[in-house]
Amino acid sequence: MAVEEWEDFVVRTDRRMASIRKAMPDTARGFGDLAKAAIAPGALDSKTKELIALAIGITARCDGCLAYHARAAARLGATREEVVETIGVSVYMGGGPSMIYGAEALDAFDTFSKG
C-alpha cells in the first residue's frame, strides 16, 4: 500500500489501535511495555534502535511500522542521511521489495522531520 499522507495515516491507525487496545487490554499493555523496554537506551541509544526498527519495518513491508518508526527516528534527531543508510542496509537484506518500501520510509521520514 502506498501511503500518500503519513500524518493522516497515523491518526487513522491510532484510532484503530485504540480499538484493539480496548478489546485486549492486557496484551496491549504487555506489548507497550515490551516496546518501551526494547527502545530504552542501553548499549545502543534509542535513535539507533528506532533506525533498526525502521529497517525491520521496511523488510517486513509494514506501513504502520514505517510511519511510527520514521516519526520516532525524526523525533529522536535522526538525520536524513542516517535514514538513507538504514534504507541501504534494508535493501541489501530485503532486495527489490525493500527498495520500494525504503522509498516509502524516506517519504514518511521527510514528512515527520519537517514538523
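Residues numbered from 1 in each chain as written. Predicted model: local features only at pLDDT ≥ 70, side-chain atom pairs only at ≥ 80, totals over all residues. Heavy atoms only, no water.

Colleague: I'm lost on the packing of helix 3 (residues 46-60) against helix 4 (residues 63-75) in this one. Help?
Modeller: Packed helix pairs are characterised by how far apart their axes lie and by the angle those axes make with each other. In the contact formed by helix 3 and helix 4, the axes pass within 9 Å of each other and the chain directions differ by 160°. Judged on the interaxial angle alone, helix 4 and helix 3 are roughly antiparallel. Along this stretch, helix 3 crosses helix 4, giving a crossing that reads as left-handed. Contacts from Glu-50, Leu-51, Ala-53, Leu-54, Gly-57 and Ile-58 in helix 3 reach Cys-65, Leu-66, His-69, Ala-70, Ala-72 and Ala-73 in helix 4. Each residue belonging to the contact of helix 3 with helix 4 can be placed in one class, and the counts come to nine nonpolar, two polar and one charged. (Axes fitted to C-alpha atoms, helices over the stretch in contact; angles between N-to-C directions. Helix = DSSP H or I, 4+ residues; strand = E, 2+ residues; numbered from the N terminus. Parallel < 35°, antiparallel > 145°, perpendicular 65-115°, else oblique. Left-handed = near helix turned anticlockwise from the far one by under 90°. Contact = heavy atoms within 4.5 Å. Nonpolar A, V, L, I, M, F, W, Y, C, P; charged D, E, K, R; others polar.)

Colleague: Can you help me understand the environment of Arg-21 in this one?
Modeller: By the element assignment, Arg-21 lies in helix 1 (residues 6-23). Look at Arg-21 and you get partly exposed, because its relative accessible area is 41%. Placed eleven residues apart in sequence, Arg-21 and Val-10 show a C-alpha to C-alpha distance of 16 Å. For Arg-21, the residues in contact, after removing those within four places along its chain, are Asp-14 and Ala-28. (Buried < 20%, exposed > 50% of the residue type's maximum accessible area, 1.4 Å probe, protein only.)

Colleague: Sorry, what's going on with the packing of aromatic side chains here?
Modeller: The geometry of an aromatic ring pair comes down to the distance between the two centres and the angle between the two planes. This structure, assessed with the given rule, holds one aromatic pair. When the ring of Trp-6 is compared with that of Phe-9, the centres are 5.9 Å apart and the planes differ by 80°; the resulting orientation is edge-to-face. You can see Trp-6 and its partner Phe-9 sitting in helix 1, three residues apart, about one turn around the helix. Since its relative accessible area comes to 5%, Phe-9 is described here as buried. (Phe/Tyr/Trp six-rings, centres within 6.5 Å; stacked < 30°, edge-to-face > 60°.)

Colleague: Looking at this structure, I do not really get the pattern of salt bridges. What am I missing?
Modeller: Where charged atoms from two side chains of opposite charge come close, those side chains can pair. Taken as a whole and assessed by the stated rule, the structure comprises three salt bridges. Measuring nitrogen to oxygen at the nearest pair gives 2.9 Å for the salt bridge that ties Asp-110 to Arg-80. Given a relative accessible area of 40%, Arg-80 falls into the partly exposed group. (Salt bridge = Lys/Arg side-chain N within 4 Å of Asp/Glu carboxyl O.)

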